[in-house]
Amino acid sequence: MRIRLSFAALVAFLIPSLLAAQVPGVPERPMPDEPFVIDTAEAGQVRVTPLKGLELPWDLAFLPNGDMLVTERTAMRLRLVRSGVPEPQPISGLPEGMSSGGGGGLMAVAVHPRFAQTGWVYLTYTKPAERGRRGLGLARGRLDGMALKEVRELFTVDESGGGPPPGLPLVFAPDGYLYFFIGGANDMIAQRGDSYYGKVLRFNDDGSVPKNPFAGRDDVAKEIFTIGHRNGIGLTIHPATGEIWESENGPYGGDEVNILKPGANYGWPLVSYGRDYSGAPVSDKRTLEGVEDPVLFWVPSIAMSGMTFYTGDRFPAWRNNLFVGGLQYGRIPRTGQMQGVVFNEKWQEVRRESFFEDLRQRIRDVEQGPDGLLYVLTDERDGAVLKLEPAE
């Protein structure tokens, strides 16, 4: 009887994994080499130019002169893209001790708001850790040509736990502080003040810690700004209010966009619009007293990634729209897309539009360039930056 029970337990354990491994996906399609045109509801025809030559790119930041810095996650390289072409050699001098295991690697890149004076570039990454533990780091270095100089690790984590690969986005807010979102929380660790996972942290630009909302509490780490998140993937600044909007992934559905408020709790996993990977609801509650409700949510999931508000002049019909990336739709591989969200004068959602479903690529990040164009990052082995401009 003991053998039969063990065999049954083994089968029960393996079936979800086998089913997950057999999830169908649409056939692959190579990224076009030449520019192509897409039709959009809001902005008419848009010309898309693929800027190729990247390997699993993860995050994108612009320098004041229009050059791009792009992280290649698993290769753990920082690439400079100049005039649409990646420099052959990566930028040297990156922090030591990075690791690409468990879906991590070199993650986010951000530049100092006064980069022209400081030259500071900020990077987040995962680090090696013993079995049953996870590690990550935040570092900065001064960009000098094709090298980072004066590199210093500003913050590091090594703690027990497990969960999805952590998103580690960065953003400088108008208040001058650096906000660092540590995702990777799949359980009640997001509610624990002694863990950094499932939290947004706030730093001064030199890595020191300002007076944060939980200052003086022994049960909450001093760096923590908000709690109760699952897996943070994107941070962006609202063009009218200066507030920080963040995106985070649910498991099966329940992707969210939230507005960060000092000391707020965003409810994971006490409340959720999503289901767990087994198919069961994460929670029987969608809202709860004392937690912040999302501004936007997605069911089914689009596996949200980076996002930005469009504020330029090249696409007047898109001004103040929020553009979010998605790695896949409804858990089907190779169904990534970008979505645009249109708001009314009170910043209430009125409609959404999807783009790039036919590319069959993972859309990893969306950024507005200094030239007023939109740039979209595809997270593939032959990844590319897609430059969007009005069609002639």
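Structural data are supplied above this passage.
Residues numbered from 1 in each chain as written. Predicted model: local features only at pLDDT ≥ 70, side-chain atom pairs only at ≥ 80, totals over all residues. Heavy atoms only, no water.

Caption draft 1: Just a nonpolar patch on the surface, in detail. Side chains of Met-188, Leu-270 and Leu-288 sit close together on the surface and give an oily, nonpolar patch of about 220 Å² of accessible area. Structurally, Leu-270 is set in the loop between strand E17 (255-259) and strand E18 (296-298). On the accessibility criterion, Leu-270 (32% relative accessible area) is partly exposed. (Patch = residues over 30% accessible without salt bridge, like charges linked within 9 Å, V, L, I, M, F, W, Y side chains within 5 Å. Areas by Shrake-Rupley, 256 points an atom, 1.4 Å probe, with all protein chains shown as cover. Salt bridge = Lys/Arg side-chain N within 4 Å of Asp/Glu carboxyl O. Helix = DSSP H or I, 4+ residues; strand = E, 2+ residues; numbered from the N terminus. Buried < 20%, exposed > 50% of the residue type's maximum accessible area, 1.4 Å probe, protein only.)

Caption draft 2: Molecular detail of the sheet that holds strand E11 (residues 170-172). Taken in spatial order, the 4 strands make up an open sheet running E11-E12-E13-E14, and their pairing is antiparallel. Each edge of the open sheet carries a strand with a single partner, namely E11 and strand E14 (224-226). On average, each strand axis in the sheet is inclined to that of its neighbour by 30°, with strand direction left out of account. As judged from the 3 bridges shared by E11 and strand E12 (residues 178-182), these two strands associate in the antiparallel manner. Directly across from Leu-170, in E12, lies its bridge partner Phe-180. (Pairing = 2+ DSSP bridges. Axes fitted to C-alpha atoms, helices over the stretch in contact; angles between N-to-C directions.)

Caption draft 3: Structural context of empty space enclosed by the protein. Under the definition given, this model contains 2 cavities of 30 Å³ or more. A volume near 60 Å³ is recorded for the largest cavity. Here the residues of the lining of the largest cavity sort into 4 nonpolar, 5 polar and 3 charged. There is about 40 Å³ of room inside the second largest cavity. (1 Å grid on protein atoms, 1.4 Å probe; cavity = no way out; pocket = protein on both sides within 12 Å on 5 of 7 lines; lining within 4 Å. Points joined across faces, edges and corners; volume = space filled by probe spheres on them. Nonpolar A, V, L, I, M, F, W, Y, C, P; charged D, E, K, R; others polar.)

Caption draft 4: The pairing of strand E24 (residues 374-378), seen in detail. Summarising burial for E24: 5 of the 5 residues are buried, a large majority. The alternating pattern of E24 places Leu-374, Val-376 and Thr-378 and Tyr-375 and Leu-377 on opposite faces, both of which are buried. As paired elements, strand E23 (residues 363-368) and E24 share 5 bridges and run antiparallel to each other. By the bridge assignment, Ile-363 is partnered in E24 with Thr-378. Where E24 hands over to strand E25 (residues 383-390), the hairpin turn is made up of 4 residues, counted between the paired strands.

Caption draft 5: Here's a closer look at the layout of surface pockets. Taken as a whole, the largest pocket holds about 920 Å³ of empty space. Residue lining of the largest pocket: 41 residues in total, with Ala-61, Val-111, Val-171, Phe-172 and Glu-367 positioned closest to the centre. Per-class residue counts for the lining of the largest pocket are 25 nonpolar, 10 polar and 6 charged. Estimated volume of the second largest pocket: approximately 790 Å³. Lining of the second largest pocket is provided by 34 residues; of these, Ala-303, Leu-327, Gln-328, Arg-331 and Arg-362 occupy positions nearest its centre.

Caption draft 6: Up close: the nonpolar core. If you look at the biggest cluster of nonpolar residues, it comprises 31 residues, and the most contacted ones within it are Met-68, Trp-318, Met-338, Phe-356 and Leu-388. When sequence neighbours within four positions are dropped, the list of residues in contact with Leu-388 reads Val-46, Arg-47, Val-48, Phe-315, Trp-318, Met-338, Phe-356, Leu-373, Leu-374 and Val-376. By size, the runner-up hydrophobic cluster in this structure holds 30 residues, among which are Ala-108, Trp-120, Tyr-197 and Ala-221. (Core = buried A, V, L, I, M, F, W, Y, C linked by side-chain atoms within 4.5 Å. Contact = heavy atoms within 4.5 Å.)

Caption draft 7: Summary view of the side chain of Glu-72. The topology assignment puts Glu-72 in strand E4 (residues 68-72). For Glu-72, a relative accessible area of 1% translates into the label buried. A distance of 2.6 Å separates the side chain of Glu-72 from the side chain of Arg-77, its partner in a polar contact. Within polar-contact distance, the side chain of Glu-72 engages the side chain of Arg-79 at 3.0 Å. Contact partners of Glu-72, with chain neighbours within four places excluded, come to Gly-53, Leu-54, Glu-55, Leu-56, Pro-57, Arg-77, Arg-79 and Leu-106. (Polar contact = N/O pair within 3.5 Å; in protein donor to acceptor, adjacent residues only side chain to side chain.)

Caption draft 8: Molecular detail of the packing of aromatic side chains. As enumerated under the stated definition, the model contains 17 aromatic pairs in all. With 5.2 Å between their ring centres and 85° between their planes, Tyr-179 and Phe-225 make a pair best called edge-to-face. Of the two residues, Tyr-179 is situated in strand E12 and Phe-225 in strand E14; the sequence distance between them amounts to 46 residues. Residue Phe-225 is classed as buried on the basis of its relative accessible area of 5%. Ring geometry for Trp-245 against Phe-309: centres 5.1 Å apart, planes inclined by 80°, an arrangement best described as edge-to-face. (Phe/Tyr/Trp six-rings, centres within 6.5 Å; stacked < 30°, edge-to-face > 60°.)

Caption draft 9: Layout of the pairing of strand E5 (residues 77-82). Two strands pair when backbone bridges link them, and E4 and E5 are joined in this way by 5 bridges, in the antiparallel orientation. Each bridged residue has a counterpart across the sheet, and for Val-70 the counterpart in E5 is Arg-79. In textbook terms, the turn of a hairpin is the stretch between consecutive antiparallel strands, and for E4 and E5 this stretch comprises 4 residues, one of which, Met-76, has a positive phi near 55°. Here E5 pairs with strand E6 (residues 85-86) via 2 bridges, running antiparallel. Bridged to Arg-82 within E6 is Val-85.

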